[in-house]
Amino acid sequence: VTPSTTARKAIVRIPTTLIGGLLILATVAAAREYQSLASTPSTRQTAPSSTASFAAGQPPRGPRLVPGAGDGALPDRTTVFEDDLPGVARLDAALLGALRDAAIDAANDGIEIDVNSGWRSAAYQERLLDEAISRYGSQKEAARWVGTPETSAHVSGDAVDIGPSRAIAWLSRRGAMYGLCQIYRNEPWHFELRSTVIEHGCPPMYSDPTRDPRMRG
Ligand SMILES: [Zn+2]
């Protein structure tokens, strides 16, 4: 091997390395582009709920409330012991006491009871109802899922929606001991206090809120 052959080989090798590097760069760039394309539709999917009211022929309403802690909005994994969050603190005192008793016993079974929604302001409830009407297409269907500010037990502080599913399963078995009952078959996460049931168990559930005489306001 003469020095000139070595030099020629080196010259041939350099472009090969460059091409390899360029291929890697191109692959990375393509992957990034794919990711941005893939994420675009998911950002679009959140849009229709705000535009659906136009589709239904309703006039656009004024600026919508973005519910904050003061309206009862709760962060993920809120426990029943969060005294400084109105969504928990403004629950009926007897309901909250029963929930805390249950949560202590559930914790002994390795289960955390989270409050996904508790007390809500009337404005927050109104917003949820508007969203449900957009989503379900009619007031009648929305009423199966979301009460009005006048009728919702959340606005009066008499209801909690709990999670996760193992906490729901735990409380559906043990809740009557604390007076905590599921009320609607279509909302297994929704509990209210029925303090008279501790001896005899919870009453039969309504299939959905439209069957509840309290909701016919
Ligand atoms: Zn509820």
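From a predicted model like this one, the values you see are computed outputs, not experimental measurements.

What counts and how
Residues numbered from 1 in each chain as written. Predicted model: local features only at pLDDT ≥ 70, side-chain atom pairs only at ≥ 80, totals over all residues. Heavy atoms only, no water. Donors = N, O, S within 2.8 Å, 3.2 Å for Na, K, Ca; no water. Helix = DSSP H or I, 4+ residues; strand = E, 2+ residues; numbered from the N terminus. Buried < 20%, exposed > 50% of the residue type's maximum accessible area, 1.4 Å probe, protein only. Pairing = 2+ DSSP bridges. Contact = heavy atoms within 4.5 Å.

## Topic: the coordination of the zinc ion
Line of reasoning, step 1. The coordination sphere of the zinc ion contains the protein donors His154 (NE2), Asp161 (OD) and His190 (ND1), at a distance range of 2.0 to 2.1 Å.
Line of reasoning, step 2. All donors of the zinc ion come from a single chain, and their spacing in sequence reads H-x6-D-x28-H. Of this pair, Asp161 sits in strand S2 (residues 159-163) while His190 is found in strand S4 (residues 190-193), placing the two residues 29 residues apart along the sequence.
Line of reasoning, step 3. Asp161 gets classed as buried once you look at its relative accessible area, which sits at 10%.
Line of reasoning, step 4. Given the relative accessible area of 4%, His190 is considered buried.

## Considerations on the pairing of S4
Line of reasoning, step 1. With three bridges connecting them, S2 and S4 associate as antiparallel partners. Along S4, the bridge assignment pairs Ala159 with Glu192.
Line of reasoning, step 2. Inspection of the sheet shows strand S3 (residues 180-182) paired to S4 by three bridges, in the antiparallel sense. Note that in S4 the partner of Leu180 across the bridge is Leu193.

## Notes on the side chain of Asn186
Line of reasoning, step 1. By secondary structure assignment, the location of Asn186 is in the loop between S3 and S4.
Line of reasoning, step 2. Residue classification places Asn186 among the buried positions, given a relative accessible area of 12%.
Line of reasoning, step 3. Excluding its chain neighbours within four sequence positions, the residues that come into contact with Asn186 are Arg144, Trp145, Ser207, Asp208 and Pro209.

Function cannot be inferred from these measures alone, as they are strictly geometric.
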